[in-house]
Amino acid sequence: MAKKYNCTGPVPDAGCGEGYYLRGLRERFADADLFGIDLAKEAVKLAAKAEKQSSLKKNLYSVCGIFSLPFDDGSLDAVISVFAPVGDAENFRVLKKGGYMFVAGPGKTHLSGLKSAIYEKPYENREKHVEYEG
């Protein structure tokens with residue numbers, strides 16, 4: 001049986017880009033307080049615009065760097081990072097004791113179709129398994 005995560009506060013996607021994965025989480029966790037953070041102003045605008053037609057609770061978005069999150073020390077149950085750099089020290093600063101950091105990185109053939117269309121010699125990604133202290 002899958003473990004259930006009960007978050008009582010906002011859950012940021014640090015490096016949310018255009019909000020694709022955050023919108024997917026919204027479909028699964030309808031009442032959660034989801035917060036998208038990205039340094040790219042245009043990506044954040046696109047993320048917010050993509051939700052205008054949705055009848056689901058809206059995610060909150062902010063133009064902000066992932067190495068300086070706008071949350072108090074020890075205030076979050078979880079932080080998400082999907083295909084973005086990981087600000088592990090900053091994530092640990094804002095996480096409550098026992099909080100979760102969910103990180104997803106690219107697999108070996110991530111974006112291989114796009115790479116084949118762009119590059120003469122497409123390359124495979126190095127798969128990494130990173131263990132963060134804490």
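Residues numbered from 1 in each chain as written. Predicted model: local features only at pLDDT ≥ 70, side-chain atom pairs only at ≥ 80, totals over all residues. Heavy atoms only, no water.

Asks: Before we move on, can you summarise the pairing of strand β3 (residues 60-63) with the specific residues and values?
Replies: In terms of strand pairing, strand β2 (residues 34-38) meets β3 through four bridges, oriented parallel. Residue pairing in the sheet places Ile37 in a bridge with Ser62 of β3. Note on the crossover from β2 through helix α2 (residues 41-50) to β3: the handedness is right-handed. (Pairing = 2+ DSSP bridges. Helix = DSSP H or I, 4+ residues; strand = E, 2+ residues; numbered from the N terminus. Right-handed = clockwise from strand over helix to strand, strands pointing away.)

Asks: Got a sec to walk through the layout of surface pockets? Specific residues and values, please.
Replies: In this structure, the second largest pocket spans a volume of roughly 410 Å³. Lining the second largest pocket are 14 residues, with Val103, Gly105, Pro106, Lys128 and Val130 sitting closest to its centre. The residue makeup of the lining of the second largest pocket, split by class, is eight nonpolar, three polar and three charged. (1 Å grid on protein atoms, 1.4 Å probe; cavity = no way out; pocket = protein on both sides within 12 Å on 5 of 7 lines; lining within 4 Å. Points joined across faces, edges and corners; volume = space filled by probe spheres on them. Nonpolar A, V, L, I, M, F, W, Y, C, P; charged D, E, K, R; others polar.)

Asks: Describe the pairing of strand β5 (residues 95-104), listing the residues and the values that go with them.
Replies: Regular strands place side chains that alternate from one sheet face to the opposite one. Relative to β5, strand β4 (residues 76-82) runs parallel, the two sharing six bridges. Note on β5: the bridge partner recorded for Val82 is Ala104. The handedness of the β4 to β5 crossover, carried by helix α3 (residues 88-94), is right-handed.

Asks: Before we move on, can you summarise the nonpolar core with the specific residues and values?
Replies: Grouped together as the largest cluster of nonpolar side chains are 13 residues, with contacts concentrated most on Ile37, Leu69, Phe71, Leu76, Val79 and Val94. Only β2, β4 and β5 provide two or more residues apiece to this core. The residues touching Ile37, leaving out its near neighbours within four places in the chain, are Pro12, Asp13, Ala14, Gly15, Cys16, Ser62, Cys64, Gly65, Leu69, Pro70 and Phe71. With ten residues, the next largest nonpolar core counts Cys16, Leu34, Val44 and Tyr61 among its residues. (Core = buried A, V, L, I, M, F, W, Y, C linked by side-chain atoms within 4.5 Å. Buried < 20%, exposed > 50% of the residue type's maximum accessible area, 1.4 Å probe, protein only. Contact = heavy atoms within 4.5 Å.)

Asks: With reference to specific residues and values, describe the environment of Cys16.
Replies: Summarising the element assignment, Cys16 is placed in the loop between β1 (11-14) and α1 (20-28). C-alpha separation for the pair Cys16 and Val103, spaced 87 residues apart in sequence, amounts to 12 Å.

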